[in-house]
Number of protein chains: 2
Amino acid sequence: MANKQIPYKIYLDENEMPKAWYNLRADMKNKPAPLLNPQTHEPMTAQELSGVFCEELVKQELDTDTAYYPIPQEILDFYKMYRPAPLVRAYCLEKKLQTPAKIYYKFEGNNTSGSHKLNSAIAQAYYAKQQGLKGVTTETGAGQWGTALSMACAYLGLDCKVYMVKCSYEQKPYRREVMRTYGASVTPSPSMETEVGRRILAEHPGTNGSLGCAISEAVETAVKTECYRYVLGSVLNQVMLHQSVIGLETKAAMDKYGVKPDIIIGCAGGGSNLGGLIAPFMGEKLRGEADYRFIAVEPASCPSLTRGVYAYDYCDTGMVCPLAKMYTLGSGFIPSPSHAGGLRYHGMSSTLSQLYDDGLMEATSVAQTDVFAAAEAFARVEGILPAPESSHAIRVAIDEALRCKETGEEKTILFGLTGTGYFDMMSYEKFHDGKMSDYIPTDEELAAAVAKLPKVE
Amino acid sequence: MANKQIPYKIYLDENEMPKAWYNLRADMKNKPAPLLNPQTHEPMTAQELSGVFCEELVKQELDTDTAYYPIPQEILDFYKMYRPAPLVRAYCLEKKLQTPAKIYYKFEGNNTSGSHKLNSAIAQAYYAKQQGLKGVTTETGAGQWGTALSMACAYLGLDCKVYMVKCSYEQKPYRREVMRTYGASVTPSPSMETEVGRRILAEHPGTNGSLGCAISEAVETAVKTECYRYVLGSVLNQVMLHQSVIGLETKAAMDKYGVKPDIIIGCAGGGSNLGGLIAPFMGEKLRGEADYRFIAVEPASCPSLTRGVYAYDYCDTGMVCPLAKMYTLGSGFIPSPSHAGGLRYHGMSSTLSQLYDDGLMEATSVAQTDVFAAAEAFARVEGILPAPESSHAIRVAIDEALRCKETGEEKTILFGLTGTGYFDMMSYEKFHDGKMSDYIPTDEELAAAVAKLPKVE
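Residues numbered from 1 in each chain as written. Chains lettered and ligands numbered in written order. Predicted model: local features only at pLDDT ≥ 70, side-chain atom pairs only at ≥ 80, totals over all residues. Heavy atoms only, no water.

### Examining the overall build of chain A
Short version of the rule: Secondary structure is summarised from DSSP: a helix means a run of H or I of at least four residues, a strand means a run of E of at least two, and numbering begins at the N terminus for each. Here the globule rule is a power law, 2.2 Å times the number of residues to the power 0.38, and the radius of gyration is based on C-alpha atoms. Only heavy atoms enter the contact rule, under which two residues are in contact if any of them lie within 4.5 Å. Accessibility throughout is a Shrake-Rupley quantity obtained with a 1.4 Å probe, and a residue counts as covered only by protein chains that appear here. Charge counting follows a simple rule: Lys and Arg are positive, Asp and Glu are negative, and His as well as the terminal groups are ignored. In plain terms, the charge of a residue is placed at NZ if it is Lys, CZ if Arg, CG if Asp and CD if Glu.
Looking only at helices and strands, chain A has 18 helices and 15 strands in total. By the compact-globule yardstick of 23 Å for 457 residues, chain A fits well, its C-alpha radius of gyration being 21 Å. Across chain A, every contact between residues at least 6 apart in sequence was considered, and the portion connecting residues at least 24 apart equals 76%. Approximately 15,800 Å² of chain A is accessible, and the part contributed by carbon and sulfur atoms is 50%. Here chain A contributes 45 positive and 54 negative side-chain charges, whose respective centroids are spaced 4 Å apart.

What follows is the structure, given as structure tokens:
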């Protein structure tokens, strides 16, 4: 197999698709720290969580032992609509860079949500349906998660209520229309529909909203509406579990052609894509079966791994959600208007945080204009117009390939191309017009946000 | 093979991709009528055409005999970046419609241009490069063709100058930014850069431009700039030739699984997609090897086949291009603001016009709101958000499938899903808000435009 000619795109057959998700936590010696009740600081119980989340998802959230979860047939059928996703050999990029490195990327943007988010959206919607619920609520910022959830709910005939951060709602009317096309109800947040929304609007009449506020509204609506639950697109362990399909497919495709990556690179916001991509490879590393270099790439404007602290913090700005132990900049940290909306999160998945703290993964941060320069260079040779989020991984993949050019090493580099940038052209425009800024928070700013972390004994 | 389980998506292997384009004209008894010199009304010679088009493309344009053109390796390599395109079995749509019909669609939207236009853009750019040219000019309305050409030129290192109809330039800034990302120069038309542009601006100071005007500017610039030529994304025979890759791939995928379509449906503007999709199937029909039902679908607002006349006409509103014999509404016909910009063309490919006139193909027209209703229903079950153009074919495919439900016939329906609607959300918004109109031109309007056709003996 090793000598087989590698095609430009490796598509697995449908019968080669993963049949089970992989729970990386099962192979971790140091398990990620449990979620804590924000009042008592005691570990959240299944019962406490099930008021907000579906029962099966609570089980997945708390289960650190079961290595594999069979994927239900209905989810597998949905996956077949847009999966297997291609693993692309970046021949054109290699040629352009004149590097001896071999570059591969797993492209998750070949679906209408424009990203990998659909992998978990359909799973969460499915379990809500299974439980006999009527609908789900969520928040969305950049809009990829909201779109993904709308698609999943349309397919299953479930109501979908999305609180969209007000400034996004106004600046990205097309994202909103995609969600409406899939039958979702989209409300600009803060709204007059919820207590927390009314309170915030009374306090800050002209506010443009925030993700934290939208989360609070979505949770409130889920808890107060009969047969509704709340769902979330990243950070949580259940999301990492579903997203493992990315890594499992990638590994199956590479194994089929006898290829082994040396370096695995992913952008990191809440961690859903990175966690999913690296899962089976990290599993091998944890079990001592193979070694890989993992690199998490975050924006210099929101550097939770590279400049944050490892501590218990609120998952949301509104402080209504459980506390999670993670690398965090503090839930009060407001990232500067970076254009990679999907990476503007103050914290990082507990699982990835633990792996990073254990020295099993590296992290680096990159400046925005460097990211867009990489995005444009990539688009011109590989054709695909990448999302700003994904382009963080492209930047570091190119840098690593150029390093190979200097040293002459024929390394195999794998990165996650999480999505497309069709709805991000306003950011590309700023880049083309030289109007893009590279704000990096000061040490003082970061210290001020971290000083407000909750005190957990 | 016939009993093999059909997957949701059939992806050919790279080595199963077509190695040659198929020239349908070679199998036509009644060849399409030749282009005429707009002054002399004599057939255009290769020499006359080569001032505007590349030499190899002129050869392809005029060649009605050679059945197969080998695809150059560099084009094949480019095709591998986004092809083979999937042939999708619409299991979810069939289930939703509860039809015994089997529905397949060839999806050409899995690339950044968002449509099939890239298939011909790379070919035309390649021959320009081969001829040692420096760049190419073109016009774009909706923007798919301009984007496709920008991508092809970026890949080959060729200059690309796009005249974008002014109202599109302003209403679709994101399309414009995609082209800029690929290094194209994009000018709103009419502009002060050309004689024709200056003349039109002097006569109509506040004009929003038109496709006809943009064509005239692009042709003028190509002719006046050293080492430049003009390229066009539809209507021409050369474009049909390149687009045959759609049909050849579709047929190879169907043959692999022993499937034979009964009905083949495509949307029809200038004819590039429809001509490409049906080419090899129509070839079989012409040679008496098989029979198929072909249906061209056009918007009721711009019904060239169903309500036009078969006559010589100008290809552009500016009347600078050669005359073509085709089904036409008259080059002076201004379609109402339909949202399927790619179908707002007054004429139809000469090749398709001849086939239609010979009774080898049917045509039907559909109203816009019916088209968007089909688009939305399709998106909700098949996931893909279709372009308004493509949704014309979806509408008729659904109607045919519902007819099968009534009669109980298990017909196999194939349609072309030419692209995605990410840049058309303004139209979807109008549809959601009930603000979409269904304008149909009156007989008087059509008669007035046809009265102005050029007199050709």
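### So, the sheet that holds strand β6 (residues 135-140) of chain B
Strand pairs in the sheet, formed through backbone hydrogen bonds, run parallel or antiparallel to each other. All names here are of chain B. Under the convention used in this document: One requirement defines pairing of two strands: DSSP has to find at least two bridges between them. Note on geometry: axes are lines fitted to C-alpha atoms, helical ones only across the stretch in contact, with angles between N-to-C directions running from 0 to 180 degrees.
With parallel pairing, the 4 strands of this open sheet are ordered in space as β8-β7-β6-β9. Each edge of the open sheet carries a strand with a single partner, namely β8 (185-189) and β9 (228-230). Within this sheet the neighbouring strands show an average axis-to-axis angle of 25 degrees, counted without direction. Here 3 bridges tie β6 to β9, and the two strands are oriented parallel to one another. Among the inter-strand pairings, Thr-137 is bridged to a residue of β9, identified as Tyr-230.

### Brief notes about the packing of helix α9 (residues 195-203) of chain B against helix α10 (residues 211-224) of chain B
All names here are of chain B. Heads up, the rule is: Amino acid classes used here: Ala, Val, Leu, Ile, Met, Phe, Trp, Tyr, Cys and Pro are nonpolar; Asp, Glu, Lys and Arg are charged; the rest, including Gly, are polar.
Here α9 crosses α10 at 145 degrees, and the two axes come no closer than 8 Å. Note on element contacts: α10 touches α9 through Cys-213, Ser-216, Glu-217, Glu-220 and Lys-224, opposite Glu-195, Val-196, Gly-197 and Ile-200. Split by residue class, the contact of α9 with α10 holds 3 nonpolar, 2 polar and 4 charged.

### Re the relation of the copies chain A and chain B
Filter applied, for reference: Superposing the copies works by least squares over the C-alpha atoms of residues that have pLDDT at least 70 in both of them.
In the superposition of chain A on chain B (RMSD 0.0 Å, axial shift 0.0 Å), the rotation amounts to 180 degrees. Taken together, the rotation angle and the small translation identify this as a two-fold axis. With an isologous cut-off of 70% or more, the 100% of interface residues of chain A that recur at the interface of chain B puts this contact in the isologous class.

### Some points on helix α14 (residues 350-357) of chain B
Residues and elements named next belong to chain B. Where we set the bar: Throughout, exposure labels follow a simple rule: accessible area from a 1.4 Å probe, protein chains only, divided by the maximum for the residue type, with under 20% read as buried, over 50% as exposed, and the rest as partly exposed. Polar contacts, as counted here, are pairs of nitrogen or oxygen atoms within 3.5 Å of one another; within protein the pair requires one atom able to donate a hydrogen and one able to accept it, and residues that are adjacent in sequence qualify only if both atoms are side-chain atoms.
With 6 of 8 residues buried, α14 is to be regarded as a mostly interior element. Within the sequence span of α14, burial applies to Ser-350, Thr-351, Leu-352, Ser-353, Gln-354 and Leu-355. In this structure, the buried side of α14 is in contact with α11 (237-256), α12 (272-286), β12 (309-314) and β13 (323-328). Measuring from the side-chain oxygen of the N-cap residue of α14 to the backbone nitrogen of Thr-351 gives 3.2 Å; that N-cap residue is Ser-349. Positive backbone phi, approximately 75 degrees, marks Gly-359, located one or two places after α14.

### Section: the pattern of salt bridges
Residues and elements named next belong to chain A. Quick note on the threshold: For salt bridges, the criterion is a side-chain nitrogen of Lys or Arg within 4 Å of an Asp or Glu carboxyl oxygen.
One pass over the structure, following the stated rule, counts 56 salt bridges over all chains. Of the charged contacts, one joins Arg-83 and Glu-108 as a salt bridge, the two residues approaching to 2.8 Å between their closest N and O atoms. Here Arg-83 is found in the loop between α3 (73-82) and β4 (87-89), whereas its partner Glu-108 is found in the loop between β5 (102-107) and α5 (118-130), with 25 residues between them in sequence. Take Arg-83: its relative accessible area is 0%, and that puts it in the buried class. Put simply, Glu-289 and Arg-287 hold a salt bridge, and the shortest N to O gap is 2.8 Å.

### Things to note about the confidence of the model for chain A
Stated formally: Note on scores: pLDDT gives the predictor's confidence for each residue, bounded by 0 and 100.
For chain A, per-residue confidence averages 94 on the pLDDT scale, and residues scoring 70 or more make up 98% of the total. The ipTM value of the predicted complex is 0.93, and its pTM value is 0.95.

### Details of the layout of surface pockets
Here is the rule: Residues are called lining when one of their atoms sits within 4 Å of a cavity or pocket point, these points coming from a 1 Å grid over the protein atoms alone, where a cavity is a set in which a 1.4 Å probe fits but cannot get out and a pocket is an open set with protein on both sides within 12 Å along at least five of seven lines. Grid points are joined across faces, edges and corners, and a volume is the space filled by probe spheres set on the points.
As a volume, the second largest pocket reaches approximately 1,100 Å³. In terms of lining, the second largest pocket is formed by 45 residues, of which the most central are A:Tyr11, A:Asp13, B:Tyr11, B:Leu12 and B:Asp13. No other element matches the 4 residues that helix α3 (residues 73-82) of chain B contributes to the lining of the second largest pocket. Residues belonging to the lining of the second largest pocket are distributed by class as follows: 23 nonpolar, 6 polar and 16 charged.

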